[in-house]
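# Inside the fold
Next come the chains, spelled out residue by residue.
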Amino acid sequence: MTTEDTARSIFVTGLKNAHAMENQALSIMKPQVSRIENYPEVAARLDQHIRETENQITRLEELLDSFAEDRSALKDMALSFTGAMAAMGHTMAGDEIVKNSFANFAFENFEIAAYRSLLTIAEHGGFSASTAALQANLDEERDMAGWIEQNLADVTLKFLSLKAAGETAKV
């Protein structure tokens, strides 16, 4: 296998992994947003990011098509399942909104790292036609991570306030 073949193989595997990762993100966010009652700003931002994520998946599919590669249905299914289980795991916690915020921030940073790695491979492996789509995905992930970071204190304080008032502090 040549260096070029190796770079292509690693890049395509990374694209398939990113596709599965974005499907996992949807399986995490959709149940969260459906449960939110007391945090409309979080629900609105999750709704926006769900739409962004759907567009990210489309961009990844277009990249995979340009390499004449299919998505990995098994990876997509496995990560979607684990995402749904992760989202369900927090539903029993009394501080679900806070735990979801932590998990979402961590996941966004995982996605940022994945796209930075893919961009590095694209730039050094000769796949420059892929960089615009990957950069668009990276920018959206950075925006979402930034939003979570900027709003974590407000979400936490609202949670504390609702709990202190004897409210259920529903997600």
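Rules used throughout
- Along each chain, numbering runs from 1 in the same order as the chain's sequence is written.
- Local features are withheld for residues below a pLDDT of 70 in this predicted model, meaning they are given only at 70 or higher, and side-chain atom pairs are given and counted only at 80 or more; totals for whole chains, interfaces and linings count all residues.
- Where side-chain values are given, they derive from all heavy atoms of the structure, hydrogens and water being excluded.
- A helix here means a DSSP run of H or I that spans at least four residues, while a strand means a run of E at least two residues long, and both kinds are numbered starting from the N terminus.
- Exposed residues in this analysis have more than 50% of their type's maximum accessible area, buried residues have under 20%, and partly exposed residues fall in between, with area computed by a 1.4 Å probe over protein chains only.
- The contact criterion used throughout is that any non-hydrogen atoms of two residues lie within 4.5 Å.
- All accessibility values rest on the Shrake-Rupley procedure with a 1.4 Å probe; residue burial counts only the protein chains present in the view.
- Helix axes are fitted only over the stretch in contact, all axes being lines through C-alpha atoms; the angle between N-to-C directions runs from 0 to 180 degrees.
- Angles are sorted into four bins: roughly parallel if under 35 degrees, roughly antiparallel if over 145, roughly perpendicular if 65 to 115, and oblique for all others.
- In this scheme, a crossing is called left-handed if the near helix is turned counterclockwise away from the far one by less than a right angle; it is called right-handed if the turn is clockwise.
- Only Asp, Glu, Lys and Arg are considered charged in this grouping, and only Ala, Val, Leu, Ile, Met, Phe, Trp, Tyr, Cys and Pro are considered nonpolar; every other residue, Gly among them, is considered polar.
- Side-chain rings of Phe, Tyr and Trp, where Trp is taken by its six-membered ring, are said to pair if the distance between their centres is within 6.5 Å; with planes under 30 degrees apart they count as stacked, over 60 as edge-to-face, and otherwise as tilted.
- Counted as over-ring charges are cases with an Arg CZ or a Lys NZ within 6 Å of the ring centre that also lie within 35 degrees of the ring normal.

### A few points about the overall build of the protein chain
A tally of helices and strands in the protein chain yields 5 helices and 0 strands. In the protein chain, the succession of α and β elements from N to C terminus is α-α-α-α-α. Among the 171 residues that make up the protein chain, the fraction classed as buried is 42%. Look at the contacts in the protein chain between residues 6 or more apart in sequence, and 80% of them connect residues 24 or more apart. Roughly 8,800 Å² of accessible area belongs to the protein chain as shown, and the carbon and sulfur atoms make up 57% of that amount.

### What to know about the packing of helix α1 (residues 3-35) against helix α2 (residues 40-66)
It is the contact of α1 with α2, at a shortest axis distance of 9 Å, that shows an interaxial angle of 155 degrees. Our classification of the angle between α1 and α2 gives roughly antiparallel. In this structure, the crossing between α1 and α2 has a hand that is left-handed. Classifying every residue of the contact of α1 with α2 by side-chain character gives 14 nonpolar, 6 polar and 6 charged.

### Focus: the environment of Thr-58
Turning to its location among the elements, Thr-58 is positioned in helix α2. Linking Thr-58 and Ala-133, residues 75 residues apart in sequence, is a C-alpha distance of 9.8 Å.

### Digging into the packing of aromatic side chains
Inspection of every chain in the model, using the stated rule, returns 4 aromatic pairs. Geometrically, the ring pair formed by Phe-11 and Phe-127 is stacked, given 4.8 Å between the ring centres and 10 degrees between the ring planes. Taken together, the residues Phe-11 in helix α1 and Phe-127 in the loop between α4 (96-125) and α5 (131-164) connect sequence positions 116 residues apart. Each member of the pair, Phe-11 as well as Phe-127, carries the same accessibility label: buried. Taken together, the ring pairs in this structure connect Phe-11, Phe-67 and Phe-127 into an aromatic cluster. Stacked on the ring of Tyr-39, the Lys or Arg Lys-158 has its end atom at 5.2 Å from the ring centre.

Purely geometric stuff here, so don't read any function into it on its own.
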